[in-house]
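Coordinate analysis (summary)
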Amino acid sequence: MTNERKAPLDFIRTIIAEDLKSNKYQGRVVTRFPPEPNGYLHIGHAKSICLNFGVAKENQGGVCHLRFDDTNPIKEEEEFFESIKEDVHWLGFDWGKNLFHASDYFEQLYQWAIQLINSGKAYVCDLSADQMREYRGTPTQPGRNSPYRDRSVEENLDLFQRMRAGEFEEGSRVLRAKIDMAAPNINLRDPAMYRILKVAHQRTGDQWRIYPTYDWAHGQSDSIEKITQSICTLEFEIHRPLYDWFIEQIGIYHPRQIEFARLNLTYTVLSKRMLKQLVESKLVSGWDDPRMPTISGLRKRGYTPEAIRDFCDRIGVAKADSRVDIALLEHCLREDLNKRANRVMAVLRPLKVVIENYPEGQAEDLEAVNNPEDPASGTRKVSFSRVIYIEREDFMENPPKGFFRLAPGREVRLRYGYYITCKDVVKDPKTGEITELHCVYDPETRGGGSPDGRKVKATLHWVSAEHSLPAEVRLYGHLFTKPNPDEIEEGKDWKDSLNPESLETLTGCRVEPSLKNAQPGDRFQFERLGYFCVDKDSKAGAPVFNRAVSLRDEWSRIQKSRK
RNA sequence: UGGGGCGUCGCCAAGUUGGUAAGGCAUGGGAUUUUGGCUCCCAUAUUCGUAGGUUCGAAUCCUGCCGCCCCAGCCA
């Protein structure tokens, strides 16, 4: 299948187009997304997924593999394998039969290691980790050769086999590539290929007592899978000479590695290490906390795969370090949901309004449009009665200039309802808090239009007291107060900039009756408020909504600019 | 100070052989509006980190300088 993209080709797609043109790989395009199953996927991974699977999809016969780089059993867990597969699928991509694991190649890798030992290109080293560090030198000083560097092939073979057999303690020996301890590129200073880890592996069980390092496994895994363009992030650029060296020494198929800049987003962190810490220290409710930039968190928050894919298309792919404004992500969601989400009325902070001239005990159904952006979505009925709730912030006793919602003596429209005019403000005599409003309605304005053509400045959302349903609503804000939480100030901890107001739970909310049968995962636009998603915590008659993103709000911006 | 990269509008990012700076987000203004939503118009880099050089002409070529990121895990 071939999908056309409108945007100009990024540098990676340009390279692939050129490779195709020169027939470098006989017309094949095989990419791969190679996560380590040691955490949940986040929006940064989505960028890589969209790139790798996207490139495959755009080119005739292109394929993208999902390969788990499961070379470190200490950090990897079954839970992560599952979440990763779920998230990739949810994003809309399919690896088909091409699901692989670096652990599938452990035996082959071992044989290649033997080959390198035989050709004098690898040796068993007895230096401790600390000693190895000392011998490695620094960026400006060359390293020194290990005293074990010149062991005979026979001895190396023997030792390496015994490492595999589990004869030695963890950390006592490693297999190293014999390259150049004076190389200016530190990765070439005899890097470790195998370490002893007496730990069971999720997939290979107790079969192995030694495990390949990522550097030793990754390039060969790509080679085995006949990957054409091996796309990875910038930090691996300096590893490329090592990968090239391994592949040349073994004499196998050579994929082309291309590096791009990883994603950074404002007001959040995109490092698995930090995200894991937030989860483990219970600073968030889990990997799928709606405040997390994880795929599962975004999903729970109400994001759509379409919005995330659109975002990934828009940010582009390049080599310059960058930090994308999270407002762009939010914009992508709004744009998607504006077209698709049905509109509904919900009052988050209810203020009671009694319509004095509306007959007691009377009720009527008003017709409301489900989505003005999508005529096919039809209409629904909304119950109206004498006592309704409006949003507390839609009334001001002493309105400042520019506030054109309800105020004493002022007339506004109730969406799909009537024009009402505020006659009285009732307050708690003790606290002075406004407890209810008394209004009168104009029966001629049913549906929201006035026969005399009189205009009102504002339209309010509302809900009938008697007919509405109680609900809980969770409002989410940025996880951090700083745009760049990973740039830590002197003497501070990155967690210090966590936003204490990133979650606000509202319990006394009222929503219109049509939401009675809303299912977890359903998304709606609460008119004038934002886009909300039904949470799994919902119970019958007690729905819970997560705010995915607010609507753009000119009034709040006016207020903000006045401060 | 060794090596590898990168520097185009507030944030991303096009700019393929040098020909006179796309687009999106954000922001400001206006129109429209039964969501202060959506939509639609308009505005916003005489300038491409910087200083020189080559050229009729440079963001694109050359040289120097400055800045930022990555590398010293038996992590990935």
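Let me sum up the structure you'll find in this document. (Residues numbered from 1 in each chain as written. Chains lettered and ligands numbered in written order. Predicted model: local features only at pLDDT ≥ 70, side-chain atom pairs only at ≥ 80, totals over all residues. Heavy atoms only, no water.)

**Quick look at the protein's contact with RNA strand B**
Here is the rule we go by: In this text, near means that some heavy atom of the residue lies within 4 Å of the molecule or strand in question. Any N or O atom pair separated by 3.5 Å or less is treated as a polar contact, with the protein-specific requirement of one donor-capable and one acceptor-capable atom, and with residues adjacent in sequence counted only for side-chain atom pairs. Starting at the N terminus, helices and strands are each numbered in turn, a helix being any DSSP run of H or I of at least four residues and a strand any DSSP run of E of at least two.
Residues in contact with RNA strand B amount to 66 residues; listed here are only the nearest, Arg343, Arg405, Arg415, Gly447 and Glu554. Sugar and phosphate atoms form 64% of the subset of RNA strand B atoms that lie within 4 Å of the protein. Interatomic distance of 2.9 Å between a backbone N/O atom of glycine 448 and a base oxygen of RNA strand B. Elements with a contribution of two residues or more to the surface near RNA strand B: helix H5 (129-136), strand E6 (192-196), helix H11 (305-315), helix H12 (326-340) and helix H13 (554-562).

**Looking at the environment of glutamine 161**
What counts, and what does not: Whether two residues are in contact is decided by their heavy atoms: any pair within 4.5 Å suffices.
Looking at where glutamine 161 falls in the secondary structure, it is placed in helix H6 (residues 153-165). Not counting residues up to four positions away in its chain, the partners in contact with glutamine 161 are Tyr110 and Ile114.

**Observations concerning helix H2 (residues 43-58)**
Condition: Under the convention used throughout, the expected extent of a helix is 1.5 Å for every residue step, that is, one less than its residue count. Here the term buried applies to any residue with accessible area under 20% of the maximum for its type, exposed to any over 50%, and partly exposed to those in between, with areas from a 1.4 Å probe on protein chains only.
Here H2 spans 21 Å end to end across 16 residues, near enough to the 22 Å set by a 1.5 Å rise per residue. Across the 16 residues that make up H2, a large majority, 15, are buried.

**Observations regarding the side chain of arginine 299**
Relative to the elements of secondary structure, arginine 299 occurs in helix H10 (residues 295-301). Separated by 3.5 Å, the side chains of arginine 299 and glutamate 86 make a polar contact. Apart from residues no more than four positions distant in its own chain, arginine 299 is found in contact with Glu86, Asp87 and Trp90.

**Let's talk about the pattern of salt bridges**
Defined as follows: Just to be clear on terms, a salt bridge is a Lys or Arg side-chain nitrogen sitting within 4 Å of an Asp or Glu carboxyl oxygen.
This structure, assessed with the given rule, holds 48 salt bridges. Between arginine 173 and aspartate 126 there is a salt bridge; the shortest N-O distance is 3.0 Å. Remark: aspartate 126 occurs in the loop between strand E4 (122-125) and H5 and arginine 173 occurs in the loop between H6 and strand E5 (174-177); sequence separation between them is 47 residues. Residue class for arginine 173 comes out buried when judged on its relative accessible area of 17%.

**Details of the nonpolar core**
The criterion, for reference: Within this scheme, the nonpolar core is defined by two criteria: the residues are buried Ala, Val, Leu, Ile, Met, Phe, Trp, Tyr or Cys, and they are joined through side-chain atoms within 4.5 Å.
Ranked by size, the top nonpolar core spans 39 residues in total, and within it Ile43, Val88, Leu265, Ile308 and Phe311 carry the most contacts. Broken down by secondary-structure element, the contributors of at least two residues to this core are H2, strand E2 (63-68), helix H3 (78-90), H10, H11, H12 and strand E25 (544-550). Of all the elements, H2 adds the most residues to this core, at 6 residues. If near-sequence neighbours (up to four positions away) are discounted, isoleucine 43 is found in contact with Leu263, Leu265, Leu270, Pro293, Ile295, Leu298, Ile308 and Phe311.

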